[in-house]
Amino acid sequence: MFQGNNIMGLVLAGGQSRRMGMDKGKLLYHDKPQREYLYDQMEPLCTRVFLSIRPEQQEDIPPGLNFILDENQYKGPFNGLLSAHHAFPEAAWLVVACDLPLVNQKVLKYLVDRRDRRALATAFATHKSKLPEPLAAIWEPHGLKTAESYMQSAKSSCPRKFLINEDTFLVFPEDDLWLANANEPEEYEQILSQLNSK
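What you are looking at is a predicted structure, and each value in this text was computed from that prediction instead of being measured.

A.B. asks: Explanation requested: the pairing of strand E4 (residues 93-97) in the structure shown.
C.D. replies: Across a regular strand the side chains alternate sides, sitting on one face of the sheet and then on the other. Most of E4 sits inside the fold, with 5 of its 5 residues counted as buried. Residues Trp93, Val95 and Ala97 line one face of E4 and the alternating positions Leu94 and Val96 line the opposite face, and both faces are buried. In this sheet, E4 lies alongside strand E1 (residues 8-12) in parallel orientation, the contact comprising 5 bridges. Within E4, the residue paired with glycine 9 across the bridge is leucine 94. As paired elements, E4 and strand E6 (residues 133-139) share 4 bridges and run antiparallel to each other. Note on E6: the bridge partner recorded for valine 95 is alanine 137.

Written as structure tokens, this is what we have:
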């Protein structure tokens, strides 16, 4: 049973990374592959941490790292989210996509400290968009159960659209740059340059 503030960590690293042209989970921003960096940042805040990956990626995972294989029942990020939910149905999941290179332990703790367990999810939202970021969020077990029911008849597999229409508690960051996204080589170089200038 998962009780109290216990949270499992999930690094979403199973995407195809087509726009980037290489695996975003392997990009180096902090002297180690991004998926491993996020895994390390989550560990102090979570009871256990897992990488969410495609089956063909498992041979490439360093020893000692937990992972959950995508079951390929759903499209998009819900594939990883609901595969994790099936593995541990009673767990709440702190979820981060590997294309958010400025997320670190401070950012994650900021979210965890503001968690509302009554909501389906507690999600970051930038001041600019005011829209939930489903891949920088804490998904409650009842939220994932509701999401799975939603996916049975939904026309869209977009988790943001789901959260917009559900009971989602929004957390606004100190700086919108915390949620800077890198999906293309130009964005990777821009953020890398920003990090190296500090």
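A.B. asks: Would you mind going over helix H4 (residues 141-151) with me for this structure?
C.D. replies: Gly143, Leu144, Ala147, Glu148 and Met151 are the residues of H4 that are buried. The buried side chains of H4 occupy one side of the element, clustering within an arc of 140° when seen end-on.

A.B. asks: Where do I start with unusual backbone geometry in this structure?
C.D. replies: Working note: non-glycine residues mostly have negative phi, and peptide bonds are mostly trans. Positioned with a positive phi, aspartate 31 is a non-glycine residue whose angle comes to about 70°. Along the chain, aspartate 31 falls in the loop between E1 and helix H1 (34-42). One non-glycine residue, asparagine 72, adopts positive backbone phi at about 60°.

A.B. asks: So what exactly am I meant to see when it comes to the sheet that holds strand E2 (residues 48-53) here?
C.D. replies: Sheets are built from strands that pair by backbone hydrogen bonding, the pairs being arranged parallel or antiparallel. Taken in spatial order, the 7 strands line up as E3-E2-E1-E4-E6-E5-E7 in an open sheet, and their pairing is mixed. Two strands lie at the open edges of the sheet, namely strand E3 (67-69) and strand E7 (168-171), each paired on one side alone. The sheet shows a mean angle of 25° between the axes of neighbouring strands, taken without regard to direction. Looking at chain direction, E2 and E3 are connected through 3 bridges and run parallel.

Basis of the calculations
For every chain, the first residue of the written sequence is number 1, and numbering continues from 1 onward in sequence order. Residues qualify for local features only when their pLDDT is at least 70, as the model is predicted, and side-chain atom pairs are given and counted only at 80 or more; totals for whole chains, interfaces and linings, by contrast, use all residues. Think of the side-chain values as coming from all heavy atoms in the structure, minus any hydrogens and water. Only protein chains enter the accessibility calculation, which uses a 1.4 Å probe. A residue is then buried if its area is under 20% of the maximum for its type, exposed if over 50%, and partly exposed in between. Secondary structure follows DSSP: runs of H or I at least 4 residues long count as helices, runs of E at least 2 residues long count as strands, and numbering of each begins at the N terminus. Pairing between strands is defined by DSSP: at least two bridges between the two strands are required. Read the arc as the range of directions from the helix axis to the C-beta atoms. As a rule, the C-alpha atoms of each element are fitted with a line to give its axis, helices using only the stretch in contact, and angles between N-to-C directions run from 0 to 180 degrees.

So yeah, pure geometry; function would need other evidence.
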